Amino acid sequence: MGSVVEHAAETARVLLDLVDLAAGDLVDVFPPSGLNLVTSFSTGKAAGGAQGMFLTGTIAGIDTPVCVLAVAARWPLFQSFFVQEYLTETWSTPASIGLEGKIAAGYAHMFDSLRPLVWNGLATVARVPGFTAYYPLLVVGMGPGGPLAQLLTLELRPGRAGPGGAAPATSPASAIGGYSFSTPPFGDGAFAASAARALPPATAALFRCNAEGLDFYPSSAGMPAGFTYSGTAKPCQGRIPPIDTPWLDRTPAFYQTAYGQPLPALPENGTLDVTPPGFNRDLAYTLSCLCADVYARRQHPELGISPPLGCRRVADVLVGGVLWATLYKGPFGAAVAIRGPVSWTESLSLYGNGTLKEYLGAREALVLTDLTAFHVKFHKALLDTLSDNATVLTGKGDGNLISVVVSIQLVLDPKHPLQRDGVFNFTLTGTVTRQDDGTVAGVLSTHCTGYNIFEDYDSHDTNYTVTGLVVCNFTGKISKYGTIERDSLGRGSDVQGTFTGDLLYRGTVLRTFNANVYGFFDVATYVTGHDYGGALAALSAVRLKAPDVEHCPHLMALYGFGTVRFCDEAYVSKHYNKIAEFSYQLIRRNDVIAGNGGPLAMAPLPSLIHLSGGILSPLNSTTGHALALYASLLNPQLSGSPQAVAEQPRDRE
């Protein structure tokens, strides 16, 4: 047995059991054995849903009766309240705490709203027998509530004065211990250092318990300059879960594995309220696994994670050097899978200050401002990735003439994806014959500044190698009559067949070239995403179906999983509805993140498919948002769904 100032695994286990209770609706609270609820309190949406409860009793690892203060912030209210500028703007540490340095303005505001409620709660605790005077006090918080737990631990350390009124004159804590789980930096170095000095080891301790390298919510990446972690680090060591997705990694149930508890099984046998025409449940499961694969590789790039069975990765979509999406090939055709944020700062960077603005040519239709700015970069990176390889068009004999004709068709098409700001990213090789020399040179010089002609290049010269090079070697004959025999063309492969001049000039060879070298053009392609990844998927799907966009993937369907709200009704009705026919948005009824419209009442996307099941799983925590839950509920091997993942999609006109 020990005291509240000594970190203990058995104490941490009990405190983790209080986290979801404190973050819930505070109605019908059933605390763990040995503890009794004394009182609860809530600030409401004006202060980010900050709330909590006091409990008294006995707790494992502590040798005397204790009072426990469990604090939290309700996720939907916190996400709506805590905008980007509340992190970047800093205020002086609250005067009542008596420390140096500055903290994020949002948390300073939440603390100011919470403080009088906490002190009034202590007055209620004083009416409990055995807690009328001084007693050991534990404080716990997690995720959004982690910084609040730290601030309240500092506020209530022994000897600190109360706000007056009905509250105790000074803190009733004889000793105090704070446990903050999954807690990001929220203050500068001066605050962290001052907090450390203010905690005498004999009477006060503050433990920061993060699952480092597993839970990326509290990551310091993207934090304001000078921000640093506060509290004594007590890392939580655990194992990567079977389906590694962010919202699972930040649950109390996952953190319990660091203290010897098994990870609860993911729920199975999910049911759908509707199955609209064209929807394929097993395909939905596969696409959810692809999104999970992107998450896992973003979080653990060093592990060499294999793609889902039957699928292969073709290319990654990077924005600012960071992985956001991956292009896949599989029995279903092709897919673009887009992840959501893995950290608090990534999420804030997309939500921004919660404002909406006109999106591109959307006129009065509005989309989240910062999401709009990011999507412009993302969509360009997506299109660039589809054709990001240096390309060589080559051939011998008639094959060379075929490559010449294709090159002419490329340069005459200003919207072809090989074009980069007016310069084509390809090289024409082989001997240019006399009869077409002037034509090719003239066309290329007029329309393109990025071509090269190698007069005597041997297309089979194995010494000609470039990383990422796509070599398109045309072979065959040009005859009056002929057919095109499509081959699976990849890097260093050949386009084979016999081509007629008529077919060449009608673009048949070019279409074959697009479909095989750039496998996402004119090929059935699905776009899918989770969380803000679902929002990015929706925005890109609308752009890909715009009438002025050519040479884009042949969009078969959009599948979203727990897609957050990101636009107004006007955007849905004027733009998104153009793809609603083949848009399938899956949402769990208890997914409060996807269902959160925010203070601006952002609109839900149409074509919602409600996925039920697993409502009692502890892995829901208080959000029900983890992609792992969606994937497990859809898993046909667990639900007995008869549809085949390998079913070939129907073409859409």
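Conventions and cut-offs
Residues numbered from 1 in each chain as written. Predicted model: local features only at pLDDT ≥ 70, side-chain atom pairs only at ≥ 80, totals over all residues. Heavy atoms only, no water. Helix = DSSP H or I, 4+ residues; strand = E, 2+ residues; numbered from the N terminus. Buried < 20%, exposed > 50% of the residue type's maximum accessible area, 1.4 Å probe, protein only. Contact = heavy atoms within 4.5 Å. Areas by Shrake-Rupley, 256 points an atom, 1.4 Å probe, with all protein chains shown as cover. Pairing = 2+ DSSP bridges. Expected span 1.5 Å × (residues − 1). 1 Å grid on protein atoms, 1.4 Å probe; cavity = no way out; pocket = protein on both sides within 12 Å on 5 of 7 lines; lining within 4 Å. Points joined across faces, edges and corners; volume = space filled by probe spheres on them. Nonpolar A, V, L, I, M, F, W, Y, C, P; charged D, E, K, R; others polar. Phe/Tyr/Trp six-rings, centres within 6.5 Å; stacked < 30°, edge-to-face > 60°. Bend = angle between axes of the 7 residues up to and from the residue. Core = buried A, V, L, I, M, F, W, Y, C linked by side-chain atoms within 4.5 Å. Axes fitted to C-alpha atoms, helices over the stretch in contact; angles between N-to-C directions. Parallel < 35°, antiparallel > 145°, perpendicular 65-115°, else oblique. Left-handed = near helix turned anticlockwise from the far one by under 90°. Polar contact = N/O pair within 3.5 Å; in protein donor to acceptor, adjacent residues only side chain to side chain.

Trainee: I tried to follow the overall build of the protein chain on my own but got confused; where do I start?
Mentor: Assigned secondary structure in the protein chain consists of 19 helices and 28 strands. In the protein chain, which comprises 653 residues, the proportion classed as buried is 57%. Partitioning the intrachain contacts of the protein chain with sequence separation of at least 6 by distance along the chain shows that 73% fall at a separation of at least 24. Taken as a whole, the protein chain presents about 25400 Å² of accessible surface, with 52% of it coming from carbon and sulfur.

Trainee: For this particular structure, what's the right way to read the sheet that holds strand 7 (residues 173–181)?
Mentor: Hydrogen bonds along the backbone pair up the strands of a sheet, which may run parallel or antiparallel. Strand order in the open sheet formed by seven strands is 1-2-3-6-7-9-11, with mixed pairing between adjacent strands. Either end of the sheet is taken by a strand with one partner, and the two such strands are strand 1 (35–42) and strand 11 (232–233).

Trainee: Help me out: how do you make sense of helix 16 (residues 532–544) in this one?
Mentor: Within an α-helix, residues lying three or four positions from one another point in the same direction, as the helix has 3.6 residues per turn. Spanning 13 residues, helix 16 covers 18 Å between terminal C-alpha atoms, matching the ideal 18 Å at 1.5 Å per step. Of all 13 residues in helix 16, twelve are buried; the element is thus mostly enclosed. Looking at helix 16, one finds that the buried residues are Tyr532, Gly533, Gly534, Ala535, Leu536, Ala537, Ala538, Leu539, Ser540, Ala541, Val542 and Leu544.

Trainee: Just to check I follow, could you spell out empty space enclosed by the protein for this structure?
Mentor: The probe, sized like a water molecule, is rolled over the atoms to show the empty space still left. Counted by the stated rule, this structure contains three cavities of 30 Å³ or more. Around the largest cavity, the lining comprises 23 residues; the ones closest to its centre are Gln79, Ser347, Tyr351, Tyr532 and Ile593. Listing elements by their share of the lining of the largest cavity, those giving two or more residues are helix 2 (75–81) and helix 10 (344–351). Residues of the lining of the largest cavity, tallied by class, amount to 14 nonpolar, six polar and three charged. Taken as a whole, the second largest cavity spans an internal volume of roughly 150 Å³. What lines the second largest cavity is a set of 18 residues, and nearest its centre among them are Val19, Trp75, Met142, Pro144 and Ser621. Those elements that place two or more of their residues in the lining of the second largest cavity are helix 1 (9–22) and strand 3 (66–73). For the lining of the second largest cavity, the per-class residue count stands at nine nonpolar, seven polar and two charged.

Trainee: I keep staring at the packing of aromatic side chains and nothing clicks. Help me out?
Mentor: When we look at a pair of aromatic rings, we describe it by the centre distance and by the angle of the planes. Within this structure, the stated rule accounts for 28 aromatic pairs. A centroid spacing of 6.0 Å and a plane angle of 50° characterise the contact between phenylalanine 41 and phenylalanine 54, whose relative ring orientation is tilted. A residue pair is termed long-range when its members are at least 10 positions apart, and phenylalanine 41 in strand 1 and phenylalanine 54 in strand 2 (residues 50–57) qualify at 13 residues. Phenylalanine 41 sits in the buried class, given a relative accessible area of 8%. An aromatic cluster of three or more residues is present, and its members are Trp75, Phe78, Phe81, Phe82, Tyr86, Tyr107, Phe186, Phe191, Tyr217, Trp247 and Trp344.

Trainee: Would you take a moment to explain helix 4 (residues 105–125) for this structure?
Mentor: Over its 21 residues, helix 4 extends 30 Å from the first C-alpha to the last, a length consistent with the 30 Å expected when each residue adds 1.5 Å. Along helix 4, the sharpest kink reaches roughly 35°, centred on leucine 114 and followed within four residues by the proline proline 116.

Trainee: Just checking my understanding: could you explain the pairing of strand 2 for this structure?
Mentor: Within a regular beta strand, the side chains point alternately toward one face of the sheet and then the other, so they alternate between its two faces. Counted residue by residue, strand 2 has eight buried out of eight residues, so it is predominantly covered. On strand 2, burial covers both faces: Ala50, Gly52, Phe54 and Thr56 on one face and Gln51, Met53, Leu55 and Gly57 on the other are all buried. Taken together, the seven bridges between strand 1 and strand 2 define a ladder with antiparallel strand orientation. From the neighbouring strand, serine 42 faces strand 2, where its bridge partner is glutamine 51.

Trainee: Can you walk me through the nonpolar core in this structure?
Mentor: As a rule of thumb, nonpolar side chains are buried together in soluble globular proteins. If you look at the biggest cluster of nonpolar residues, it comprises 172 residues, and the most contacted ones within it are Phe181, Leu371, Phe378, Tyr559, Phe566 and Tyr571. Ranked by residue count, the leading element in this core is helix 9 (residues 281–299), at ten residues.

Trainee: I would appreciate a short explanation of the packing of helix 4 against helix 5 (residues 146–155) in the present structure.
Mentor: The geometry of a pair of packed helices is captured by two quantities: the angle between their axes and the separation between those axes. Contact geometry of helix 4 with helix 5 gives a least axis separation of 10 Å together with a crossing angle of 55°. As far as their axial angle goes, helix 5 and helix 4 are oblique. When the axes of helix 4 and helix 5 are compared, the crossing they make is right-handed. Counted together, Tyr107, Met110, Phe111, Leu114, Arg115, Val118 and Trp119 of helix 4 and Pro147, Leu148, Leu151, Leu152 and Glu155 of helix 5 form the full contact between these two elements.

Trainee: I would appreciate a short explanation of the packing of helix 9 against helix 18 (residues 627–634) in the present structure.
Mentor: At a closest axis distance of 9 Å, the pairing of helix 9 and helix 18 adopts a crossing angle of 150°. Viewed along their axes, helix 9 and helix 18 adopt a mutual orientation that is roughly antiparallel. As helix 9 packs across helix 18, the resulting crossing turns out to be left-handed. Here Arg281, Ala284, Tyr285, Ser288, Cys291, Ala292 and Tyr295 of helix 9 come into contact with helix 18, specifically with Leu627, Ala631, Leu633 and Leu634. Looking at the contact of helix 9 with helix 18 residue by residue, the classes come out as nine nonpolar, one polar and one charged.

Trainee: Could you clarify how one ought to interpret unusual backbone geometry in this entry?
Mentor: Negative phi characterises most residues that are not glycine, and trans characterises most peptide bonds. The phi dihedral of leucine 26 falls on the positive side, at around 60°, and the residue is not glycine. Mapped onto the secondary structure, leucine 26 falls in the loop between helix 1 and strand 1. For aspartate 28, which is not glycine, the phi dihedral falls at a positive 55°. For aspartate 28, a relative accessible area of 61% corresponds to the exposed category.

Trainee: Even after reading the chapter, I still don't get the side chain of serine 343, so can you show me in this structure?
Mentor: Here serine 343 shows up in the loop between strand 15 (333–338) and helix 10. Judged by relative accessible area, serine 343 falls into the buried class, the value being 7%. A distance of 3.2 Å separates a polar atom in the side chain of serine 343 from a polar atom in the side chain of threonine 345. At a separation of 3.2 Å, a polar atom in the side chain of serine 343 contacts the main-chain amide nitrogen of glutamate 346. When sequence neighbours within four positions are dropped, the list of residues in contact with serine 343 reads Phe216, Tyr217 and Ser219.

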